[in-house]
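# Structural features, examined
Each chain is listed here by its residues.
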Amino acid sequence: MQTVLILGGTTEAYQLAEAIDVAGRWRAITSLAGRTAAPRIPAGGLRVGGFGGAVGLAVFLREQRVAALIDATHPFASLMPYSAAGAAAHVAVPRLRLLRAPWVEQPGDRWLHVAQLDAAAEAIAQLGAQHVLLTTGRKELAPFARPELARVHFVVRSVDPPDPLPLAHATVITDRGPFRLDDELALLDRYRIDLLVTKNSGGAAAAPKLEAARARAIPVVMMARPPQPEGPTVATVDDALAWLDTVG
Ligand code: NAP
């Protein structure tokens, strides 16, 4: 049986590993970066930790005789997709990017689009927000620790707790999706949230916060995605499975 390496860390990567396992035509190995303390365990094989850049990944592909590579990392993973593209090209292994569709503004939304975390922090100051729900990730809080935001109360939601927590006034909520609209509405109400800051991750699991913000007429600072390497890209697990059929 041929081996497909899935670069994981997303819901889609788990779904893909499960579907490949059930179909039984390929042997899937999922690779996780090892960022979360207690990750979900995918179907099939698992390895954890960085490869050591594109060169290390190329060595892994060759040693493990990987016949196909599906990069299902998060839309905001900015390095791994380029390592994957470089390594796969080097050892001539077919590569696919599985990248879920971004969220799109709906009638009633009040989105402010920014490209960088610094711009998101500036937007909080400009909008005069006082109670901010921050869902951009526990390792990306430093840009919000600026003097002009010292009076802002942040509600930081992340899978694992931030360490350190550089913000003067913050409530930390550790939670992992999928989230429910009712719970998101209750969260906005409980903390009197007047601004949501989020990455445009896309997907259904985290979308209820956007519905909740729309329902409460709360503005959203929406961070745009980083660039992606060129090459075949699909948005769904089904399309990734169809691609796998074409290479195996
Ligand atoms: P990144 O900036 O693209 O990657 C940084 C380094 O982490 C890579 O150079 C690689 O190390 C290692 N790495 C990343 N993904 C890996 C994987 N699946 N398997 C093995 N090593 C991996 O990515 P990141 O933003 O730090 O995200 C890390 C992981 O968390 C990703 O797998 C991603 O799917 C997941 N994630 C990220 C976000 C986000 O907002 N960034 C959100 C949810 C989940 P080497 O160079 O040593 O190989």
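See the structure above.
### Here's the deal with helix 1 (residues 11-23)
Its 13 residues give helix 1 an end-to-end C-alpha distance of 19 Å, which sits within 8% of 18 Å, the value for a rise of 1.5 Å per residue. Buried within helix 1 we find E12, A13, Y14, L16, A17 and I20. A positive backbone phi angle near 75° is found at G24, which sits one or two residues after helix 1.

### A short note on the nonpolar core
Counting 21 residues, the largest nonpolar core has I124, V132, L134, F144, F154 and V197 as the members making the most contacts within it. Put simply, the parts of the chain that give this core at least two residues each are helix 4 (117-127), strand 7 (131-134), strand 8 (153-158), strand 10 (195-199) and strand 11 (220-223). In this structure F144 touches L117, A120, A121, I124, L134, T136, L149, F154, L167 and V197, once residues within four positions along its chain are discounted.

### Re the site of the ligand
What surrounds the ligand is a group of 21 residues, the closest being S31, F51, L79, M80 and K199. Taking G8, its main chain carries an N or O atom lying 2.9 Å from an oxygen atom of the ligand. Separating an oxygen atom of the ligand from a backbone N or O atom of H74 is a distance of 2.8 Å. Within the complex, 77% of the 810 Å² of free accessible area of the ligand lies under protein. For the shell around the ligand, the per-class residue count stands at eight nonpolar, 10 polar and three charged.

### Remarks on the side chain of T10
Within the fold, T10 resides in the loop between strand 1 (2-7) and helix 1. In terms of polar contacts, T10 uses its side chain to reach the backbone carbonyl oxygen of A72, at 2.6 Å. Filtering out sequence-adjacent residues up to four positions away, T10 remains in contact with A72, T73, H74 and R100.

### Concerning the pattern of salt bridges
Per the stated rule, a full pass over the model turns up 12 salt bridges. Its salt-bridge partner being R25, residue D245 comes within 2.7 Å of it at the nearest N-O pair. Of the two residues, D245 sits in helix 7 (residues 237-247) while R25 sits in the loop between helix 1 and strand 2 (26-32), which places them 220 residues apart along the sequence. Across the salt bridge formed by R216 and D189, the nearest N and O atoms sit 2.8 Å from each other. Of the two residues, R216 is situated in the loop between helix 6 (208-215) and strand 11 and D189 in helix 5 (residues 181-190); the sequence distance between them amounts to 27 residues. Here R216 falls in the partly exposed class, since its relative accessible area comes to 37%. Relative accessible area serves as the criterion here: at 40%, D189 is assigned to the partly exposed category. One continuous salt-bridge network, built from bridges that share partners, spans D118, E122, R146 and E148.

### Things to note about helix 3 (residues 80-91)
End to end, helix 3 covers 16 Å across 12 residues, agreeing with the expected 16 Å (1.5 Å per residue, within 8%). Residues P81, S83, A84, A85, A87, A88 and V91 constitute the buried set of helix 3.

### Re a nonpolar patch on the surface
The grouping of I41, L46 and V48 at the surface amounts to a nonpolar patch, some 280 Å² of accessible area in total. Relative to the assigned elements, L46 resides in strand 3 (residues 45-48).

### Details of the sheet that holds strand 7
Within a sheet, neighbouring strands are paired by backbone hydrogen bonds and run either parallel or antiparallel to one another. Across the sheet, six strands lie side by side as 6-11-10-7-8-9; this open sheet has parallel pairing. Across the chains shown, the open sheet's two edge strands, defined by having one partner strand only, are strand 6 (111-114) and strand 9 (170-174). Within this sheet the neighbouring strands show an average axis-to-axis angle of 20°, counted without direction. Packing of helix 6 onto the sheet brings it into contact with strand 6, strand 8, strand 10 and strand 11, and relative to strand 10 it is tilted by some 155°.

### A look at the packing of helix 5 against helix 6
One can describe the packing of helix 5 onto helix 6 by two numbers: an axis separation of 8 Å at closest approach and a directional angle of 55°. Between helix 5 and helix 6, the interaxial angle falls into the category oblique. When the axes of helix 5 and helix 6 are compared, the crossing they make is right-handed. For the pair helix 5 and helix 6, the contacting residues are L181, E184, L185 and L188 in the first and P208, K209, E211, A212, A213 and A215 in the second. For the contact of helix 5 with helix 6, a count of residues per class yields seven nonpolar, no polar and three charged.

What counts and what doesn't
- Residues numbered from 1 in each chain as written.
- Predicted model: local features only at pLDDT ≥ 70, side-chain atom pairs only at ≥ 80, totals over all residues.
- Heavy atoms only, no water.
- Helix = DSSP H or I, 4+ residues; strand = E, 2+ residues; numbered from the N terminus.
- Expected span 1.5 Å × (residues − 1).
- Buried < 20%, exposed > 50% of the residue type's maximum accessible area, 1.4 Å probe, protein only.
- Core = buried A, V, L, I, M, F, W, Y, C linked by side-chain atoms within 4.5 Å.
- Contact = heavy atoms within 4.5 Å.
- Near = heavy atom within 4 Å.
- Polar contact = N/O pair within 3.5 Å; in protein donor to acceptor, adjacent residues only side chain to side chain.
- Areas by Shrake-Rupley, 256 points an atom, 1.4 Å probe, with all protein chains shown as cover.
- Nonpolar A, V, L, I, M, F, W, Y, C, P; charged D, E, K, R; others polar.
- Salt bridge = Lys/Arg side-chain N within 4 Å of Asp/Glu carboxyl O.
- Patch = residues over 30% accessible without salt bridge, like charges linked within 9 Å, V, L, I, M, F, W, Y side chains within 5 Å.
- Pairing = 2+ DSSP bridges.
- Axes fitted to C-alpha atoms, helices over the stretch in contact; angles between N-to-C directions.
- Parallel < 35°, antiparallel > 145°, perpendicular 65-115°, else oblique.
- Left-handed = near helix turned anticlockwise from the far one by under 90°.

Just distances and angles here, no functional claims.
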